[in-house]
Amino acid sequence: MADTAGVTADDGAPGGAGSLRRTLSFRDLVVYGLLFIAPMAPVGIFGTLQATSHGAITSVYVVATVAMAFTAYSYAQMVRVAPKAGSVYAYARVGLGEGAGFVAGWMAMLDYLLIPAVAYLFSGIALHALVPQVHQWVWTAVAVVVTTLLNLSGVRTAAVVGFAVLALEIAALVVFVVAAVWALAAHGARRGWSVPLTGEGGFSPDAVLAAVSVAVLSYLGFDAIASFAEEASGGSRRVARAVVTCLVVAGVLFAVQTYLAALLAPMSAAELAARPAEQGAAFYTTVDSAVGGRLHDLVAVSKAVGAAFAALAGQAAAGRLLFAMARDRRLPGAMATVDAGSGVPRRALLGAALVTLVAAVWAATRDDGPARLSSIVNVGALTAFALLHASVIGWFGIRRRAGVPGVLRHVVVPLAGLAVVIAVLVAASRTAQLVGGVWLAVGLGVLAMQYARRPRVGPARN
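Residues numbered from 1 in each chain as written. Predicted model: local features only at pLDDT ≥ 70, side-chain atom pairs only at ≥ 80, totals over all residues. Heavy atoms only, no water.

## Some remarks on the overall build of the chain
- Broken down by element type, the chain carries 18 helices and 3 strands.
- A buried classification covers 55% of the 462 residues belonging to the chain.
- Expressed as a percentage of contacts within the chain between residues at least 6 apart in sequence, the contacts between residues at least 24 apart total 81%.
- Counting every atom, the chain has about 18600 Å² of accessible surface; 67% of that belongs to carbon and sulfur. (Helix = DSSP H or I, 4+ residues; strand = E, 2+ residues; numbered from the N terminus. Buried < 20%, exposed > 50% of the residue type's maximum accessible area, 1.4 Å probe, protein only. Contact = heavy atoms within 4.5 Å. Areas by Shrake-Rupley, 256 points an atom, 1.4 Å probe, with all protein chains shown as cover.)

## With respect to the packing of aromatic side chains
- A full pass over the atoms with the stated rule returns 9 aromatic pairs.
- Aromatic pair Tyr75 and Tyr91: ring centres 6.0 Å apart, planes at 75°, arrangement edge-to-face. Here Tyr91 lies in helix α4 (residues 88-96) and Tyr75 lies in helix α3 (residues 57-81), a separation of 16 residues in the sequence.
- For Tyr75, a relative accessible area of 1% puts it in the buried group.
- Where Tyr219 meets Phe254, the ring centres are 5.3 Å apart and the plane angle is 70°; that geometry is what we call edge-to-face. With Tyr219 in the loop between α9 (205-215) and α10 (236-264) and Phe254 in helix α10, this pair connects stretches of sequence that are 35 residues apart. Here the two residues Tyr219 and Phe254 agree in accessibility, since each one is buried.
- Feature note: the residues Phe46, Phe176 and Phe283 constitute an aromatic cluster, connected by ring pairs.
- Sitting above the plane of the Phe26 ring, Arg241 keeps its charged end 4.1 Å from the centroid.
- Over the face of the ring belonging to Tyr451 we find Arg330, whose NZ or CZ atom lies 5.7 Å from the ring centre. (Phe/Tyr/Trp six-rings, centres within 6.5 Å; stacked < 30°, edge-to-face > 60°. Lys NZ or Arg CZ within 6 Å of the ring centre and 35° of its normal.)

## Digging into the confidence of the model for the chain
- On average, residues of the chain carry a pLDDT of 80, and 88% of them reach 70 or more.
- Element-level pLDDT for the chain is lowest in strand β1 (residues 2-3), with a mean of 34, against a maximum mean of 91 in helix α8 (residues 195-198). (pLDDT = per-residue confidence, 0-100.)

## A few points about a nonpolar patch on the surface
- On the surface, Leu130, Val131, Val301 and Val305 cluster together into a nonpolar patch covering about 260 Å² of accessible area.
- Position of Val301 relative to the elements: it lies in helix α13 (residues 293-327).
- Judged by relative accessible area, Val301 falls into the partly exposed class, the value being 38%. (Patch = residues over 30% accessible without salt bridge, like charges linked within 9 Å, V, L, I, M, F, W, Y side chains within 5 Å. Salt bridge = Lys/Arg side-chain N within 4 Å of Asp/Glu carboxyl O.)

## With respect to the pattern of salt bridges
- Overall, the coordinates contain 5 salt bridges when judged by the stated rule.
- Note that Asp328 is salt-bridged to Arg93, the shortest N-O span being 3.6 Å. One end of the pair, Asp328, is in the loop between α13 and β3 (337-338); the other, Arg93, is in helix α4, and 235 residues separate them in sequence.
- Residue Glu98 pairs with Arg330 through a salt bridge whose shortest N-O separation is 2.8 Å. In this pair, Glu98 sits in helix α5 (residues 98-130) while Arg330 sits in the loop between α13 and β3, placing the two residues 232 residues apart along the sequence.

## Section: the nonpolar core
- Counting 141 residues, the largest nonpolar core has Tyr32, Tyr91 and Phe176 as the members making the most contacts within it.
- Excluding residues within four positions of it along the chain, Tyr32 makes contact with Leu24, Val155, Ala158, Ala159, Phe228, Leu312, Ala313 and Ala316. (Core = buried A, V, L, I, M, F, W, Y, C linked by side-chain atoms within 4.5 Å.)

Quick look at the structure:
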């Protein structure tokens, strides 16, 4: 049924009257994933990870990449089962049932709406540092408006612009790598070549694992690729391959940049641990001391622009999640529409944009805004990841909808992924756990009301 916003979505089958358009290539999917993650994501937490891991920061990212590979593998399994917009919502719905699907989508919604808000906030802060005459909340709002307009213009347009921005981010990273290699060749390393892998004073598994619980937050967003399953040309296999590729590329980029920065860092891990105030700027301090201020500015600009476009990818994924849940009558049906001109879920995108705008601008007006917002973004995603792993076991291992399950692929790997997710959730801050628990309770209340409103079917008559 048509309306002024576009076409009411059908069941999502490709080619349906309200279905999303299959226009995204494999490259486009990887671009969206890397944009959301951001190639230089470790910059902001470099000092924290150095201090926590006792200097073994590169090992932290190697272990974190392996840990997140379990989640990527589960995504690759389930995207073939349910190649629909909505990602983990769709997977839990078919693997565990409608109730679990709603909970997965509800918890993922917290992640997909707040991670873009954090990225917009960081972009506003960086731009304010470059142009201090304009308040950071104004820059934050501008970033929201610009990226929202790009998303509304169509998924292909946003992907093309996103590719250009990603290329600039990669270029900035390449400049850093070249400059770091030159500095190492000219002046040598400040510590042993193996220290970023083994740590200062010996390898500490406990310290590395503690740092991994923080480092995995750098990867949140690669799963957004699965949200574009109905818009990807080439089918679900291409989406699965893009998810895994994005994670591997990000892991390599993170390991390389942290290894070089750790060799050049003027402060040891012990010194950073003793001076927590120095941890946030540790990467920039390293660039200044080893290479110079000009590269500092390049990295800052790259982070400012990259953060805004990470939010673009996150906002697009959030819009697809809201669209999918509305299409299944789990959210207001007004969001279950596809714009006839651009082929995007316009109302769902605008709804996501409004929430992120309010959250980001509110945080930008407060001194403790970044800390408050950043502390709660991971719980929703991690809870959704847990249900994702359970969905693999439910679909293949318990319900056996695909024949005899493979013990390693469909039981051992998702169980290992579930264990990793639970460990990270346990290590999350109390504030994050509290907010996540409240959000979950509200979601369960909404679910209960939806079930209560369903018409009851009486006993059959002979």
